[in-house]
Structure formats: structure tokens, C-alpha cells
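# Coordinate inspection notes
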Amino acid sequence: MALEDYQAEMERCSQCSYCTWIPLDRIKSWRFAKGCPSVAYNHFQSYSARGRYAVALSLLQGKSEYTDKVLDIVYKCHTCGSCDVSCKICRYNLEPLAAILELRAKLVEDSQSLPEHRVLIDHLHKEQNMMLKPKTARGRWAEGLNIKDLATETAEVVFHAGCRLSYDAQLQKTARTAVALLRDAGVDVGILGDKETCCGSRAYTMGYRKELTNSAARLMKAWTRAGVTTVVTSCADCYHAFKRRYPEVGATVEVLHTVEFIDRLIKQDKIKFTRAVPLTVTYHDPCHLGRQGEPYVPWKGIEKKIRKQIIVYEPRRPRYNGAWGVYDPPRDVLRSIPGVKLVEMERIREYAWCCGAGAGVREAYPDFSRWTATERIEEASHAGAEAIVSACPWCERNFIDAAATQGDGLKVFDVVDLVSQAI
Amino acid sequence: MNSKKQILMEIIGKENVFDDPETLEAYSRDYSFALPMKPWIVVYPENVGAVQKIVQWANRTQTPLVPVSSGPPHFYGDTVPSVASAVVVNLSKMNRILRIDRRNRMALIEPGVAYGQLQPELAKEGLKLNTPLLPRANKSVVASLLERQPPLVPRYQWAFLDPLRCLELVWGDGQVFTTGEAERPGSLEEEWAKKLAQVAAPGPHQTDFYKLVSAAQGSMGIVTWASVKCQMLPEIHKLFLIPSERPENIIDFTYQLLRFRFGDELLLLNRSNLASILEADTDQISVLTEKLPPWILVVGVAGLSILPEERVAFQEKDITEMAHQNGLQLLQGIPGAKADEVLHAILNPSRDPFWKLKFQGNMQDIFFLTTLDKTPGFVRIMRAIAEAHGYPVSEIGVYIQPVHQGAGCHCEFNLPFNHNDPAETSRIRGLFTRASEELLKEGAFFSRPYGIWADMAFKRDIQTTTVLKKIKGIFDPNHVMNPGKLCFHPPSP
Amino acid sequence: MALLRDIYQALEDTVGERNISEDPAVLDSYSYPLTQTAIHMGPFYDVYTPRGKAVLMPGTPQEVQAIVRICNRYNLKLKASSTFWSAMGYPSGENTIQLDMRRMDRILEIDEKNLFAVIEPGVIGTTLQAETMKLGLNTHIIGAGSSCSPLASATSYNGAGPDCMFMGFGDENLLGLEWVMPDGEILRTGSLGSGLGWFCGEGPGPGVRGIIRGVVGAKGAMGVFTKCAIKLYPWPGPPELPVEGTAPAYKAVLPDNFKAYTLAFPTWKAWADCCYQIWDAGIGYIAHRQFSLFGRELKAAMIKILTDPTKTLYDLEELVQDPEIKKLNEEMKRDFQIVLAGMTPRDIEWQNKALDHILAETGGWKVTGMNKPEIQQWALLYLIRLGHKNLNLVYGGGYDGCFGMVGPPDLGTTHAEEVTKFKCEWENKGAIVDAGGDCMIGGIGGMGGGGGTMWENFTHFDPHDKESTEGTFDFFEACSRFAREKGIPPGMERWNAPSRGADGRETPTEKREHMLSATPQPAVFYYQRKIKEAIDPNNLGDAYYLTLKEPKK
């Protein structure tokens, strides 16, 4: 689709500002009512989904041009999808997140990208990662684990570490633990090591679509060659790419997040806990595992009207509204760990507050990114948690960095970390 | 004959114009400390056309007008002219009940309709008005509502001005005007035929015109009819008396009732006031005062047209439980008073003599708005000041009335005194002034600023005063309406 | 033309660089499409409100005052809005500074005993409700839903809603008010002005704030309201609304002292009789003809879609054919929704009995199909939180309302069927959604204690579609004519026509004056003109505050 294809939606936006808040039914307090970090931080209405519809329409109609402010509006957005969920509480014929992503892609196409993003994308082209690191160092996180190397071997399951877990020294343990858990549970699992490349998800959300397509082509080829039928990853960004974007370009592999797999293994008694982890924790739903982690449903169709002026789609169009994301498996895992007490924040599941790391914001707008993460840290502390636990290394990195400046001692873990402590 | 008098006679008829010394004397003073001032003439218009002509004439001739609707006695100085040569416009002849609409529970009344006249007529239709505490039988209902006298049942006051709804009035500039939903193209009869009923007060459009004449002491215009919201006449009506040694003890319980909107009549009286209300024999008021508990919370529970017994029964049980949780008792009788007699008293206008005058022949009221939780503090302040002035604390009447569903509270002190004793009168004057100043300092909001309260209240709020004067300049540009009241000081000669 | 640099600098110095913008794209995001829902005028295809000169986000009343003074000095117009969800909050001419009030979003105080909250303009109904519920209290929420600003509703527009019967109308709930007047002075009304707190909105003496409220409020044309106190009401429920379910089919599982029913009646007279008896009895917490917004023929199907997270609008056609759905629609033809909330177990027991008694007397009944737990729980949440008012636009993004018939129930019920038939004829023409003619939604109450009903006939259209939009405009013109012919009071569809016209700008003076002169009492607007001259001498406000020149005598 092109931006013009969203013009009808821009004109059909309710102008209600529900995109600013979490679903109103779910609001429990004044403090934690907001859903969109972008408008909460930047304040101008332009920074909400509603505002971006209006900005996009203004550009399309030739009423305004690209300015620094326009770029600021377009890029100071985590593409977390909170707006999409809230909008779709009532609207069945708007796709605000898709329109926001399309707007971004349009800017990139028109050479209106950010220098901070260009640096990353240039590096991606050369070294196939988003961490500004050499590709040759990618597989080092798995040294000593004795995991199948799918560059030369085959396996049913590939564990895809992702860029962050491959290179972030503090977080690599999560990848090590995850793949070891799979291995020890008897799963036929392998890794691509230094042949693993970026999934392309973060580039996509920055507006670089062809980079995702290229990544998909590379990885799908590698998986096919390795006989892979299931992809498991501990990164929510990668999860979303594999689950929702890759099928658009022909992928047919089963996609699971590590927490889904572990949840399965626990319920099958293939993982047994022997130690207690006495800790009060709260779980942060990563955007791309939660509301953007819904199953993919292929669709190609057209808009039509019924009852004279009701907008529907033929055939029936899938509705991604966050309802069917991955919410319960990580919670079930945490609840099953002896000693762990799970408390919930106010904004959870499909209406969770973003970690702040997504869509190139961490790289281009570190203050905004840190602010978003700090909001979440405060929410976790407010819930009475000693630790915030997530299932995405980008979330965890952002929380670790924000918590360090807060000084209130909130710990940050991955679900897998606590599982390994209990085994 | 004076040509001005001639013109007035032509406007409203000879029989409606009075300037005999006795009549003028009667309007020259009231029970307040307002400086006596004789009006020039008293007129009795009978319809809105006559009122309009009078106002237009007053504008042409720069003649001050003082509207009066209620019969005597008057207490707050608002009906005593503040300037010379005023015309008192007495609306008591405009005393028609224009309509009682049972289905919509609305009554349309002229300003001369008094409580003694209205309540029995409403009762015939199964209705009643939410009335203030023992108004005079000849008290104008419209005037009482315009003055924002607090009604007994706070749960019926969604709007602060409830039950007052729409008005027809003549503004000080001579314009006849209707407010609220009454602004419609047709006559009243035509609107009623269309099923309209003058129910909604706001407006029309972007101005709440009716608020501009409320508590205005006749300084903005003259109301010629009003629609008022009525309540169902209870089929069963029980009253409960909750005695207490101190007002503090019943505050939390009262708040609970207000929050749940349980009970109907809800007011706190001290023994002195309840005795004055109940005791017909003046000499026995002190005796009854001694018998009664110091404070009495009065709670009414009404059963209306739907399942009345059940309503009264469940509320009685719930309120009793709530009272017990607060260490209080719901009683049908207390030493000196039975609930039934109190109920009868408060549901009816005052007998003659007016209940507040019974004890000593005269009295001064100090009343203001505050919040319920602050009232015990004000009681302490009033007592301390009374003591300092040598006024017997036991004689102070206290009436505390939650208003606007509990958002605010009317706090009233009644100071009976013998006006035939100059020394006592002087002491009361000093006490009244001093107490008003101290209470204001401690947070009393004189929202109905009669007499000396006007300067006190308006000096405290310069911006409101400025805007109010602008409003006055719009609706009464020639300042003919009761000059000298509120912040509208007459220009120097 | 951009603002002169020294003016821009003065404004920037007031609010800070971060809180001002004149970027064209930003300004366009503060421009409102009058196609989509202009609120009681139009719709006008491909017309937008004019761009402001700049948009500012003040953080304090002092900043607001400074801005107002700058506007006075440089003859700029001013338009403030809290949530920007209707055309009233937008400029109607060039040369306007826009204020986005969202930074002033604090709940400053909740007085639990005296039952009021003090709020800033950026507070929305939901957050106020969430905070007050923690204390066993609740707030009136207007019909446009809880994403709106209670301060804005109380001061600047209508303020009616489903809970009016119990919780009063916007006007009734407004206590003290802090107001930066158009002349740059700050007025604090009632007890607040005397430094005595927020509890009383009137006095000393007359209620000065009467000059900015009325039925429809100041509509953003009389300065800026920076704080107000709002009356609160009891909430006999848990401190947090217990919401469950899969999006979007959220529901609230409340204790037994809460009940939600859909009541239906054999005749419109019985419907009206029931309203009166409910008010006479003093029962009910919320009462509204709510789900009719979807249309007589579509509402049961829409409820099915909204309560099933696997369904979408695509399922509508099939569902509408379902015999059970058809039967439910027929049963609910003359309906409204009611929520009972008992303060105590005995209270809810009595209210339930009283309601049954009233139904027996009037021949009404509780619609069983709406009593299924998942639907009742959904309805309870819907009506209490009113967080789904975006559904007004569910079909295609365009909605506006016509008729209205604001007044006692006997007025609306007299005309309900002829209005339905009239709308059906227009639905058949194709520009608006074919929903069954009766999309009439409105409060059962209208004000505290009851007394009025409203019958806003929702008209759904596609703002992207020129024919649909222009056809809707034609329909609304026809509604006005129809009402005149039938003796129905003037409808809502043109309430704001005197203020703004087809080009998105102020209605031309001559046209406006002609309209206002034809109203039953033009003197209203003569006085409003004088009020405006007195407090807005430099004409900062636009024609949403209506004025009329008095003819020379």
C-alpha cells in the first residue's frame, strides 16, 4: 500500500483522541491513564495517531511540506501500537498503526530519514545487524554451548538470538539460557551463529521496508536449507517480524517466542523447578509480543459498503486489535516459579505502556526513549514490584538504563533468567 | 396632583396607588438595622404589562423602584429604600397560580403567591414544594427562591437554585424577558398544548439569566412569574429526631446521609430554635429549651407514590444502622418534643407570630454559606463573641442546613432580643456587626449580602464586584432598580 | 501570513519554546474537518476550520492570562480547547491563536466529605472517575463520553449525559470557577472569589457566572477556564472498576447492588409514563436510550458484534438476517437502558421492586435478551464508564445528530414515529446508513431529578464520500423543514449554523443576524452582545458566542 491508500481513513478518523489513552474502560488512575508515549511526552496533538493522520493528510493534500517539525512528529513514535488498540475498541475500519508505518516509509522513500537511522541502516547493509558491531562477532554469545550450527547442520527448530541478544554483553546470558533450556528439554534446536542476520523488524519500523524483505529472503533461505520448521526467539521484535511480516513474503515456518515454548515445556513437565526465587515481580508485555504478536491471517481484498454507507471489507478482513497477543504464557511461566509473586501494573496486556526502545527512537531520541522507560519503571515500582520482568532484550536494555538513573533499585530480568534461577 | 403620581395612576389604576402616611411608614423600615427611608409612593401592579410600564416610566424619570412581593414583617433591609423618592412596587396582587402540572411536577406562579396559598393547592394534586424552614405564610414563594433561602430537603437540590426554574421578568431596562426553557415562540397555553412545561432552568442559549436575578435584592429586574419544580407529596412521612450533646457528633453521620442521598428533610437545630418553633406560648419557650437536648438532627423519610411503606421501612432500617455506627440514636421522641409535632411544624408555614419573633419580639439573623464540617467551629466563634458582648449564649438559635446535595451548608444564628430596650438593641447591633466581621474573617461566605454584609462581602471579592457592576450596567443601565443594595451604591448627588 | 516575529517571541517567552508551534503541519493537525462531524451544522465536504496562527500549550493560569493580554494588545483572536473533539473548539476565522489545554491536566483536590473535585481543563472524565471511585465517589460524564473534559462540558458546551437524572447536568454541577476573562482579568466565582474555597458557585449576590453558561456554554468564545470545582456523587461500588474480557468486549462484573436493564414498552405513551414514574420514585443511577444510536434495525446485531471479540462489522449483514436478532430488534423498538445502583442491599432491593412495580403499571418489561450476564456486564461497563462513545462513528467515521426534541417525554414520544418514517425515506436514498430510521439516542432525565428527554437522531455517513456528505447535508436541511411543518421545536442539526458556515469560517454577519432575529427572543442576543462588549472589548472570541445588534428604537 501507499500513503494515498490511507487517505480515506485519514478522513474517516473519529477525531476522538482515544488513541492518546489506553482503552478508557481499563483506566484505573490518573497517573497511569495514558497510552501513547509520543503525545504524552511531546504534548502537541500532532504526536498522536489522530494528529499523524492529520499531518499525513496535510502532506498529501500539498498543504504543508517536510520540515524538521514534521520529521520530529513522524519519527518520535515508538510504533508501539497502543493507539491502534484503543482506536479499535470502537472502530472496525481504521488502521492507525499501519498508517503511521506507511507515513514513515513515505518519508524514507522521499529521503526524509534521520541521520541516526541512516547510520544504522548503512551498517545493516554491511554487517547485517542493528548494533553497529561486526557480523563476524555475531555468534560468539553461544560459545561453549555445543548447539547445532545450522550453517552446516539441520534441525527442526532454529533459535534466533536477534541483534540485541547477540551483541549486548550484559544480556547475552538470556540467549544462552534460552537455547540451553531448549536443548536440555530434548528439543532438536540449532542456531545460525555468525550466519544469523538481523530480522529487519527495527529497520521496517524506521521506514525501511525493503531491508525487512531482504532480511526475510536471507533468513528464509537459510532456514529452508537447514530443514527448519519452527523458529523460536527471545526477542519480541524478531518474533513480530517472523510472525506477521515474513508470511507476507511467503514464510511458512511456525513461530514461537521462548516464553511460549517454555510454557509448553513446563506444562508437559519437561522443565521442573527445584529452587525458589523469592521475588515480587511484575511482567512487562513487549509491544511486539503482546498486542503486535497476534497470529497472522492472510488477506487480500477490497473495501465495500453495506447498508448504504457502512464500510466493510470483502472478503472479511482480519482485525488486529491486540486481543490475541501472547499474554498468558509468560505469566503462567512466572506464576509457576516457586517463590515468585506476580503483581500486575495498571497498564498490561494489549494496553501495556511501551518500553521506549522501539522504531529507532532509542537511537535518535534518547531522552524521549529514556523518559518512556522511566514511566514504566515508576509504574512497576507503584505496583509494588522488586523487579520488572520482560520477554524482549530491547525492553530489558531500556529498563536497565532507565533504572540506573532512577536509583530506586528496581531489578530487570528476562522471564528466562528467573526460570534458570529456579532450575 | 403630582404629575408623576398621575402617570402612575394612569398606568395601573387609581386603586393601586398609595401614598398615605401609614402605608409609607410601613415600608420605611423593617426589623433590620437598615436606616429607615420612606418611599415616595407604593404601587400594586396586577400584570406584567403594568410592571413593564412602571419600569419604563422609572427609566424615563430616573425614579428608583423597590420591588416587594411578600407580606410583612421583613427582616433584611432589602425592601427598605436606600435612597429618597423611591417607588415601592408591591407585587402581592399578582398572586395567581397559573398552572399546576402534576405529570411534569411543575407549578407556574406569580410573585404574589405565598407559601400559605401554594402548598394546599399543590397538595390537591399530590405535590409539594421543597420549602425553607417555617417561612411566613405570607412569604412570597418566588421571592424566597430568588433570595436562595435554603430548602429543607437537600437531596432535591441538583442545582443550587432548585426548585426555581424558568422566569418571566421585566429587566431594569424595561425589557420583558423569559428565561430557560420558557423561551418559546408561543403563549404559555400554546406551549402547554405542545407538551412543553417550562422545566429546564438554564439559558436561553449561553447565559443563565435566572442566576443574574437571584440574590439580587430586586436590583436587576422584577420577576412576574416563575416555574418551580415540585416533589411528590408523601403518602407516608416519618420524622426522626437524633439528639446530641455537641454538633460535632452528628457531622459524619449527616455526611453519610448526604452521600447516600438517604432521608428527605435533613437539618440541625439547637434546642433554642426548636423550642421557638414548637412552643406556642412565648413564656414557655425557655422552659422547653431547658428540656430539649442541646442539638437535634431532624431527619425525615418520605414514602412517595411507589411502594411507600417499603421505602420508609428500608430507609429507617439503614439510617438506624448508620446512626448506631456513629453512636447516635434515631428517635420518635425526645425530652420536650415528639417527631410528629416537629414534622407538622416544619412542613407548614410559621404560625403567627413569626416563630423567630416569638421569644423576644425581635431578632437579628446572621447567616452564610460554608461547608458542614466547618459549622461547629462557627458555632464556637459565635458563642465566644456573644459572651464577650454579654449576650446569653443559651438564647442563640442555631440552624444548620445542608444545601445543594451537601456541597455546601447554610449556617444561621438567630439572636432574639427585646427591641423595646434601647440598651439591648444597641448591644445587639454591636454584636451583630462584630460577629459578622469575625465570622467573615474565619471563612463565612455571605452569599446573600444584606445590609452591612454587602460591603464586607464585595470588598473581599473585587473582581466579582467589577463584573457585577458591568452586568448591572447592562440590565439596569439607569440604575433604577433598588439602588444602594449589594455593591450598587447610588451616585453622589 | 505568519505572526509578526515580536508577537511570536512574546508568546514563546510566555509558554517556552517547547510549547508553541507555527509549523503548518502542526497547525493542520489542529484544524478540524467539517466533513466528519461538525456538530450541528454542515457537514461540509472537504472543508476544514481555518489554520490558527500558532498553537500554544500553557501550563498555568498565569501563562493563560499573559497570552490573553498579548492577544488583546495585538488584536488576535483566541480559541482554547481541551480535547478538540468538536468544531466549537477551533478557530472560525484567520488571525486566531489556539490554546491546547492538555498540559493543565491535574486533579487538584477531591473533597470527599463535601463531594466535589477541583480540576484543570485537561482532565478527562475517565481519569476523574477512576480517582473518585477510589473514594467511593463518581462524576457526571457527558453523552459524548469519558474522553471529554468535565471542565469543558461544565463551562463551554451542553453537558447532558446518561447519568443526568442522578448526577445532574453540567450546569448544575459547576461550583467555583477560575476564569481568565477575554479582557485579561481573572475572575474566580462564588466562594472561590472570596478566598473561601470551591463549594459554592454563586454570589456574593447574583450568580455572575451566569454570563458564560446557559444551556450550551461559552463554546470557547469567552476567554479560558483554567480550573473549576465539579460536584461529585456516590459510587457504591468497588474502588476500581472490575473490568474483564477480551478487547473490545470488555465488561464489568459488579456486585449485586448494580443492575443494568433494557426496558421496552408496548407504546410510546407507556415509555413516557415509565420515565415519569421513575423520576417520581427517585430510582435509577443512569438512564439513557443508548444503543438505539446504531439504528432500529441494526442495534441487536451491533450489540452482538460488540460483545463478541471475534466479530466485526463484516458480520452485520448476516446477523441482521438472524430471526433471533430480528425478534430482539422488534422487542426493543421502544426501549431505553437503565442502571440501578443501590447504596445498600436494602436500597437495591427496593429499587428493583419499585422498577418492577412501575413496569407492571406501564406495561413495560425487561428485555430478556439483554439480561444475559455477558451482555448485562458489558452494558454496565458501557454506561458507567461511557468509554465507547467513539462508536458514534463506528459505521464509517461520519456522524451528526438531527431533531432532538428536547423537552418532556410527552414531546419526544409524540413525534418519534413520524421522525423515524421521515428518516427511513432518506436512508433509502443512499447517502446515509440504512439503519431503520430510528437512531434516536438521548438521556432519560436531562437534568437532576429528571424532567426531560432528548432524541438526537444519529445520522451516519461517510466523510470520505462526497455524495454521502452532501446527501447528509441535504437531509439535515430537510429535517429542519420537516420540523417546521410538523410543529416540532427546532432541531439540533442546525444549532451551530449561526456561528460557522459552509466555508468553515464565521457565518457572515448578515446571515447570522437574520437567523438570530428570527428566534423567539432576539433580546437574548442583544444582552449577550452587551455582555461581550463589557468583558471582551477587543473581540478575542468568535461567533460561537452569539450576539445581535439591537435595532435602533
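I will try to describe carefully the structure that is included in this document. (Residues numbered from 1 in each chain as written. Chains lettered and ligands numbered in written order. Predicted model: local features only at pLDDT ≥ 70, side-chain atom pairs only at ≥ 80, totals over all residues. Heavy atoms only, no water.)

A word on the overall build of chain C. For chain C, the count of helices and strands is 17 helices and 20 strands. For chain C, whose C-alpha radius of gyration is 23 Å, the value lies close to the compact-globule estimate of 24 Å for 553 residues. Dimensions along the principal axes, computed over C-alpha positions, put chain C at roughly 70 × 55 × 55 Å. A burial count over chain C gives 74% of its 553 residues as buried. Per element, the accessible surface of chain C, about 15,500 Å² overall, is 51% carbon and sulfur. In chain C, the 55 positive side-chain charges and the 69 negative ones have mean positions that sit 3 Å from each other. (Helix = DSSP H or I, 4+ residues; strand = E, 2+ residues; numbered from the N terminus. Rg over C-alpha atoms; globule rule 2.2 N^0.38 Å. Buried < 20%, exposed > 50% of the residue type's maximum accessible area, 1.4 Å probe, protein only. Areas by Shrake-Rupley, 256 points an atom, 1.4 Å probe, with all protein chains shown as cover. Lys, Arg positive; Asp, Glu negative; His and termini not counted. Charge placed at Lys NZ, Arg CZ, Asp CG, Glu CD.)

Here the focus is the overall build of chain B. Assigned secondary structure in chain B consists of 16 helices and 19 strands. For 493 residues, the compact-globule estimate of 2.2 N^0.38 gives 23 Å, and chain B sits close to it at 23 Å. The principal-axis extent of the C-alpha atoms belonging to chain B is close to 70 × 60 × 45 Å. Sorting the 493 residues of chain B into buried and exposed places 65% on the buried side. Contacts in chain B between residues far apart in sequence, at least 24 positions, make up 72% of those at least 6 positions apart. Of the accessible surface of chain B, which amounts to about 16,700 Å², a share of 51% is contributed by carbon and sulfur atoms. (Contact = heavy atoms within 4.5 Å.)

Our next topic: the interface of chain B and chain C. Contacts between the two partners involve 89 residues from chain B, matched on the other side by 94 residues from chain C. A buried area of about 7,400 Å², summed over both sides, lies between chain B and chain C, and 60% of it is on carbon and sulfur atoms. For E321 of chain B, the salt bridge identified is with R346 of chain C, shortest N-O distance 2.8 Å. Applying the counting rule to chain B against chain C returns 37 residue pairs in polar contact (both at pLDDT 80 or more). Going through the elements one at a time, β8 (164–171), β9 (176–178), α7 (209–212), α8 (248–260), α11 (308–325), β17 (362–370), α15 (452–459) and α16 (462–475) of chain B are the ones with two or more residues in the side of chain B that touches chain C. The greatest single-element share of the side of chain B that touches chain C, amounting to eight residues, is contributed by α16 of chain B. (Buried area = accessible area lost by both parts, 1.4 Å probe. Salt bridge = Lys/Arg side-chain N within 4 Å of Asp/Glu carboxyl O. Polar contact = N/O pair within 3.5 Å; in protein donor to acceptor, adjacent residues only side chain to side chain.)

Side chains carrying opposite charge are able to pair once their charged atoms draw close together. Residue and element names in this part refer to chain B. Within the structure shown, the criterion is met by 104 salt bridges over all chains. Between R155 and D264 there is a salt bridge whose closest N-O contact spans 2.9 Å. Here R155 is found in the loop between α5 (141–146) and β8, whereas its partner D264 is found in the loop between α8 and β13 (266–270), with 109 residues between them in sequence. Here R155 and D264 have matching classes, each one buried.

Each partner contributes to the interface: chain A provides 68 residues, whereas chain C provides 84 residues. Carbon and sulfur atoms make up 55% of the area that chain A and chain C hide from each other, which totals about 6,300 Å². Counting across the interface, chain A meets chain C through eight salt bridges. A salt bridge links R12 of chain A to D462 of chain C; the nearest nitrogen and oxygen atoms lie 2.8 Å apart. Viewed at the interface, chain C and chain A are joined by 45 residue pairs in polar contact (both at pLDDT 80 or more). Of all the secondary-structure elements, those providing two or more residues to the side of chain A that touches chain C are α1 (7–12), α2 (37–42), α3 (49–60), α4 (68–75), β7 (302–306) and β8 (310–314) of chain A. The biggest single contributor to the side of chain A that touches chain C is α3 of chain A, with six residues.

All names here are of chain C. Taking burial as the measure, the six residues of strand β19 (residues 440–445) include six buried ones, the bulk of the element. Here two bridges tie strand β15 (residues 286–289) to β19, and the two strands are oriented antiparallel to one another. Residue pairing in the sheet places R289 in a bridge with G442 of β19. Direction of pairing for β19 relative to strand β20 (residues 452–461): antiparallel, over a ladder of four bridges. In the strand pairing of β20, I441 is matched with E456. Where β19 hands over to β20, the hairpin turn is made up of six residues, of which G446 adopts a positive phi near 80 degrees. (Pairing = 2+ DSSP bridges.)

With that settled, the discussion passes to the arrangement of the chains. Ranked by contact count, the leading pair among the two pairs of chains in contact consists of chains B and C. The two units chain A and chain B never meet; even their closest C-alpha atoms stay 22 Å apart.

What follows deals with the sheet that holds strand β5 (residues 97–101) of chain B. Residues and elements named next belong to chain B. If you trace the five strands from one edge of the open sheet to the other, you get β5-β6-β10-β8-β9, paired in antiparallel fashion. Here the strands that pair on one side only, and so sit at the sheet edges, are β5 and β9. Taken pair by pair, the neighbouring strands of this sheet meet at an average axis angle of 15 degrees, ignoring direction. By the bridge criterion, six bridges tie β8 to strand β10 (residues 221–229) in an arrangement that is antiparallel. (Axes fitted to C-alpha atoms, helices over the stretch in contact; angles between N-to-C directions.)

The next subject is the packing of helix α8 (residues 268–281) of chain C against helix α14 (residues 409–429) of chain C. Residues and elements named next belong to chain C. Where α8 meets α14, the axes come as close as 9 Å, and the angle between the chain directions of the two elements is 160 degrees. Relative to α14, α8 is oriented roughly antiparallel. For the pair α8 and α14, the crossing hand works out as right-handed. Taken together, the residues of α14 that come into contact with α8 (itself represented by W268, W271, A272, C275, Y276 and W279) are P409, D410, T413, A416 and E417. (Parallel < 35°, antiparallel > 145°, perpendicular 65-115°, else oblique. Left-handed = near helix turned anticlockwise from the far one by under 90°.)

Attention shifts here to the packing of aromatic side chains. All names here are of chain B. One pass over the structure, following the stated rule, counts 66 aromatic pairs over all chains. Taking the centre distance of 6.0 Å and the plane angle of 75 degrees together, the rings of F367 and Y450 count as edge-to-face. One end of the pair, F367, is in strand β17; the other, Y450, is in the loop between α14 (422–441) and α15, with 83 residues separating them in the sequence. In this structure, F367 and Y450 share a single accessibility class: buried. (Phe/Tyr/Trp six-rings, centres within 6.5 Å; stacked < 30°, edge-to-face > 60°.)

Right, let's get into the sheet that holds strand β2 (residues 41–43) of chain B. The four strands are arranged β1-β2-β4-β3 (chain B) in an open sheet whose pairing can be described as mixed. Of all the strands in the sheet, just β1 (17–18) and β3 (65–68) of chain B have a single pairing partner and so form its edges.

Among the structural elements, K28 of chain A can be located in the loop between α1 and α2. Here K28 of chain A occupies a buried position and makes no salt bridge, while the nearest side chain of opposite charge, E240 of chain C, is found at 4.7 Å. Residues in contact with K28 of chain A, not counting those within four places in the same chain, are E346 and Y351 of chain A together with A130, K134 and E240 of chain C.

One finds F159, W223 and Y246 of chain A together with I278 of chain C to be the most contacted residues of the largest nonpolar core, which totals 454 residues. The element that contributes the greatest number of residues to this core is α8 of chain C, accounting for nine residues. Excluding anything up to four places from it in sequence, I278 of chain C contacts M165, L263, I283, F336, I338, L355 and I358 of chain C. Of all hydrophobic cores here, the second largest spans 25 residues; its members include V15, I67, C71 and I97 of chain C. (Core = buried A, V, L, I, M, F, W, Y, C linked by side-chain atoms within 4.5 Å.)

To continue, consider the layout of surface pockets. Residues and elements named next belong to chain A. For the second largest pocket, the calculated volume is near 1,200 Å³. Looking at the lining of the second largest pocket, the elements with two or more residues in it are α1, α5 (82–87), α6 (96–109), α11 (209–226), α12 (236–245) and β7. The residue makeup of the lining of the second largest pocket, split by class, is 18 nonpolar, eight polar and 17 charged. (1 Å grid on protein atoms, 1.4 Å probe; cavity = no way out; pocket = protein on both sides within 12 Å on 5 of 7 lines; lining within 4 Å. Points joined across faces, edges and corners; volume = space filled by probe spheres on them. Nonpolar A, V, L, I, M, F, W, Y, C, P; charged D, E, K, R; others polar.)

As a further point, take the environment of F445 of chain B. Residue position: F445 of chain B is located in the loop between α14 and α15. A C-alpha to C-alpha distance of 5.3 Å links F445 of chain B and F368 of chain B, two positions 77 residues apart in sequence. Among all residues touching F445 of chain B, those that are not within four sequence positions of it are F368 and L369 of chain B together with G190, S191, S194, L196, F199, C200, E202, G203 and P204 of chain C.

Let us look at the side chain of T312 of chain C. Its place among the elements puts T312 of chain C in the loop between α9 (299–306) and α10 (316–321). Aside from chain neighbours lying at most four places away, what touches T312 of chain C is Y92, R316 and R319 of chain A together with I305 of chain C.

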